[in-house]
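# What the coordinates show
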Amino acid sequence: MTKTITKGAVGLPLNQIMAGDCIEIMRSLPADSVDLIFADPPYNLQLRGDLHRPDNSKVDAVDDHWDQFDSFKVYDKFTKDWLSAARRLLKPGGAIWVIGSYHNVFRMGAELQNQGFWILNDVVWRKSNPMPNFRGKRFTNAHETLIWASKSEGGKYTFNYEALKALNDGVQMRSDWVIPLCTGHERLKDGNGDKAHPTQKPEALLHRVLVGTTNPGDVVLDPFFGTGTTGAVAKMLGRDFIGIEREPSYRDAAEARIAKIRRFDREALETSTSKRAEPRVPFGQVVERGMLRPGEELYSIGNRYKAKVRADGTLIGNDVKGSIHQVGAHLEGAPSCNGWTYWHFKRDGKLVPIDILRQQIRAEMDETRPH
C-alpha cells in the first residue's frame, strides 16, 4: 500500500499511503481533485524538559523530532506551505478540517484566512478522559479545537445536516463534541507495548467529521496520516482516502490497521437527508401517471374537507381552485399548508396520505439513477 511519489506524477493514488514529505507530495498531485482534507499537523508543543507525575514516573508526552521547530517563524512558514499545497488540491466545492491544541490552532486559523479559506465553524473536541495537569500550574488541558473551512467565501461545501442530527438522537448537532481520548483496544501499540503514535485520534471523531461533511465515494486526503485513523474510517464509510506519512513506523502500523478494516455495505452507508435534498415531484406527475384520476376526491386531515382532482394537477374545493398546498391553506385559514401530508385518498375504505404516491415515484427515480 505504501508508495513513494515523485514530482510530475499524474492521477490520484487512491487508498494508498504515500511515503515522503507532505508538501512535496501534495504539490505533485492534480489540482482541484480532492473533496475533503483532514489535517492533524505537528502541534509544536515547545516542551522544555521531561514531564513527571506526582509519583515521579515519566509522562509519555509528545517529544518526537517531527513536533520540534526552531521558532514560531519556522513553524509559520511550514503551516503556510502545507496549507497552500492543500488548498490547490481541493475541488471548488471542497473543504478542510484542521485540528490542533492552543499551541498551534490560532496560528493555523490565521493562515487559513490569509490564504482565502472561509471558516465555517470551530469545533471544540472536549475529551471526557483528559490527561491531568500534573504540575498543577495550569488548567487541565481537556479539549482540542477543530476548524472547518470551505475553499473560499461563498463556495459550496458538503454538510449532511440531517445525518448529524440523526447521529445526535434527533437534536441539532452542536459545535462542542464530547468524545473520549483513544484508549483500550483502539489504541495501537508497537512491539514493545508502547503507543504506536502519541496523538492517535479516536475513530469516533473522524466518523462524525466524515459522515457530516463527505458523501460515499468522496476523496479524503490526510497529509499527516500517522497510524491511519482517517484512512480506517474512510474505508469503513465507503470514502476513498489518500494518506501521506514520512515516518516508516507509522506507515507500517497504518497499513496493518487498514488491511483489517471491512467496508460497510451500501445500505449501511446511506444517511438521513433533508427533505429539500430529495428530488422534487410535482403533484401533476401523480395525475399524469394515473396514480390518482381527474375527478377523484381527496380528503383533509380529520376528514373535515374534501376537494376534487383536476386534469392539470390542481384541486377544486369549496369554490377555491389551486395547488394542493393553496387549497389546503385556504380551507384551514392558514398562511401555508403542506398539501402532501394534508390531503388523503381513499383505498379500501381507509384514508391514505397522498405523500405515499410521491415517495413511490421518488423510489422509482432512485432506482434509475446511476450509483
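Residues numbered from 1 in each chain as written. Predicted model: local features only at pLDDT ≥ 70, side-chain atom pairs only at ≥ 80, totals over all residues. Heavy atoms only, no water.

### Re the overall build of the protein
Put simply, the rule reads: Each helix is a run of DSSP H or I of at least 4 residues and each strand a run of E of at least 2, with the numbering of both proceeding from the N terminus. For every residue, the accessible area (1.4 Å probe, protein chains only) is compared with the maximum for its type, and the residue is labelled buried under 20%, exposed over 50%, or partly exposed between those bounds. Here, two residues are considered to be in contact whenever any of their heavy atoms come within 4.5 Å of each other. Residue burial considers only the protein chains on display, and all accessible areas are found by Shrake-Rupley using a 1.4 Å probe.
Looking only at helices and strands, the protein has 12 helices and 15 strands in total. Looking at the protein as a whole, 45% of its 371 residues are labelled buried. At a minimum sequence separation of 6, the contacts of the protein that also span at least 24 residues come to 66%. Within the structure as shown, the protein displays about 20,000 Å² of accessible surface, and the carbon and sulfur contribution to it stands at 49%.

### Regarding the packing of aromatic side chains
The line we're drawing: For this analysis, a ring pair means two rings from Phe, Tyr or Trp (six-membered ring only for Trp) whose centres lie within 6.5 Å, classed as stacked if their planes differ by under 30 degrees, edge-to-face if by over 60, and tilted for the remaining angles. Lysine NZ or arginine CZ positioned within 6 Å of the ring centre and within 35 degrees of the ring normal marks a charge as sitting over the ring.
Tallied over the full model, the rule gives 11 aromatic pairs. An angle of 85° between the planes, with centres 5.2 Å apart, marks the rings of Trp 82 and Phe 224 as edge-to-face. Here Trp 82 is found in helix α2 (residues 72–89), whereas its partner Phe 224 is found in the loop between β8 (219–222) and α6 (229–236), with 142 residues between them in sequence. Residues Tyr 342 and Trp 343 carry aromatic rings whose centres are separated by 4.9 Å and whose planes lie at 85° to one another, so their mutual orientation is edge-to-face. Here Tyr 342 matches Trp 343 in class, with each residue buried. The structure contains a cluster of three or more aromatic residues connected by ring pairs, namely Trp 97, Trp 148, Tyr 157, Phe 159, Tyr 161 and Trp 177. When the ring centre of Phe 117 is taken as origin, the NZ or CZ atom of Arg 87, which lies over that ring, is 5.5 Å away. The residue whose ring lies beneath Lys 127 is Trp 125, and the NZ or CZ to ring-centre distance is 5.1 Å.

### So, unusual backbone geometry
Residues other than glycine seldom take positive phi values, yet Asn 303 does so here, at roughly 60°. Position of Asn 303 among the secondary structure elements: in the loop between β10 (297–299) and β11 (306–309). Phi is positive for Asn 318, which is not a glycine, with a value near 50°. Inspection of the secondary structure puts Asn 318 in the loop between β12 (315–317) and β13 (320–322). Judged by its relative accessible area of 57%, Asn 318 falls in the exposed class.

### Brief notes about the pairing of strand β3 (residues 34–39)
Regular strands show a simple pattern: their side chains alternate between the two faces of the sheet. Rule in force here: By this definition, two strands are paired if DSSP reports at least two bridges between them.
With six of six residues buried, β3 is to be regarded as a mostly interior element. Sheet topology places β3 next to strand β4 (residues 90–100); five bridges connect them, and they run parallel. Bridging across to β4, Ile 37 finds its partner in Ile 96. Where β3 and β8 come together, two bridges link them in parallel fashion.

### Some thoughts on helix α7 (residues 248–259)
Test applied: A helix is expected to span 1.5 Å multiplied by its residue count minus one. Regarding the arc, it is the one traced by the directions from the helix axis to the C-beta atoms.
Its 12 residues give α7 an end-to-end C-alpha distance of 16 Å, which sits within 8% of 16 Å, the value for a rise of 1.5 Å per residue. Among all positions of α7, only Tyr 250, Arg 251, Ala 254, Glu 255, Arg 257 and Ile 258 are buried. One side of α7 holds all its buried residues, which, seen down the axis, span an arc of 165°.

### What to know about the packing of α2 against helix α3 (residues 105–114)
Working note: a packed helix pair is described by the angle between its axes plus the distance between those axes. The criterion, for reference: The convention used is that axes are lines fitted to C-alpha atoms, helices contributing only their stretch in contact, and that angles between N-to-C directions extend from 0 to 180 degrees. Our angle categories are set so that under 35 degrees counts as roughly parallel, over 145 as roughly antiparallel, 65 to 115 as roughly perpendicular, and the remainder as oblique. A clockwise turn of the near helix away from the far one marks a right-handed crossing, whereas an anticlockwise turn of less than a right angle marks a left-handed crossing.
Packing of α2 against α3 leaves a shortest axis separation of 10 Å and a crossing angle of 45°. Between α2 and α3, the angle falls in the class oblique. When the axes of α2 and α3 are compared, the crossing they make is right-handed. Of the residues in α3, those in contact with Phe 72, Tyr 75, Asp 76, Thr 79, Lys 80, Trp 82 and Leu 83 of α2 are Arg 107, Met 108, Glu 111 and Leu 112.

### Section: the nonpolar core
We count it as follows: By nonpolar core is meant a set of buried Ala, Val, Leu, Ile, Met, Phe, Trp, Tyr and Cys residues that side-chain atoms within 4.5 Å join together.
In this structure, Trp 97, Leu 146, Trp 177, Leu 205, Val 209 and Leu 210 are the most contacted members of the largest nonpolar core, which totals 33 residues. If you list the elements that add at least two residues to this core, you get β3, β4, β5 (118–126), β6 (143–150), α4 (161–167), α5 (203–213), α6 and α7. The contact partners of Leu 205, leaving out residues within four places of it in the chain, are Ile 99, Trp 125, Leu 146, Trp 177 and Ile 179.

### Things to note about the packing of α5 against α6
To be explicit about the condition: Each residue gets one of three labels, nonpolar for Ala, Val, Leu, Ile, Met, Phe, Trp, Tyr, Cys and Pro, charged for Asp, Glu, Lys and Arg, and polar for the others, Gly among them.
Orientation of α5 relative to α6, taken along the N-to-C sense of each, is 55°, at an axis distance of 9 Å. The angle between α5 and α6 falls in the class oblique. Read as a crossing pair, α5 and α6 show a hand that is right-handed. Contacts between α5 and α6 involve Glu 203, Leu 206, His 207 and Leu 210 from the first element and Thr 229, Thr 230, Ala 232, Val 233, Ala 234 and Met 236 from the second. Of the residues assigned to the contact of α5 with α6, the class counts are six nonpolar, three polar and one charged.

### Description of the side chain of His 103
Going by this rule: In protein, a polar contact means a hydrogen-donor-capable atom and an acceptor-capable atom, both N or O and within 3.5 Å, with residues adjacent in sequence counting only if both atoms are side-chain atoms; elsewhere, any N or O pair within 3.5 Å suffices.
Looking at where His 103 falls in the secondary structure, it is placed in the loop between β4 and α3. Taking relative accessible area as the criterion, His 103 reaches 16% and is therefore assigned buried. There is a polar contact of 2.7 Å between the side chain of His 103 and the side chain of Ser 101. A polar contact is formed between the side chain of His 103 and the side chain of Tyr 102, at a distance of 3.3 Å.

### Remarks on the confidence of the model for the protein
Let me state the cut-off plainly: Confidence of the predictor in every single residue is expressed as pLDDT, which spans 0 to 100.
Overall, the predicted model of the protein reaches an average pLDDT of 85, with 87% of residues at or above 70. Here residues 4–10 is a poorly scored stretch, pLDDT under 50, and it has 10 contacts once near neighbours within four places are set aside; other chains count. The low-confidence segment residues 47–62 (pLDDT under 50) makes 24 contacts with residues lying over four places distant or belonging to another chain.

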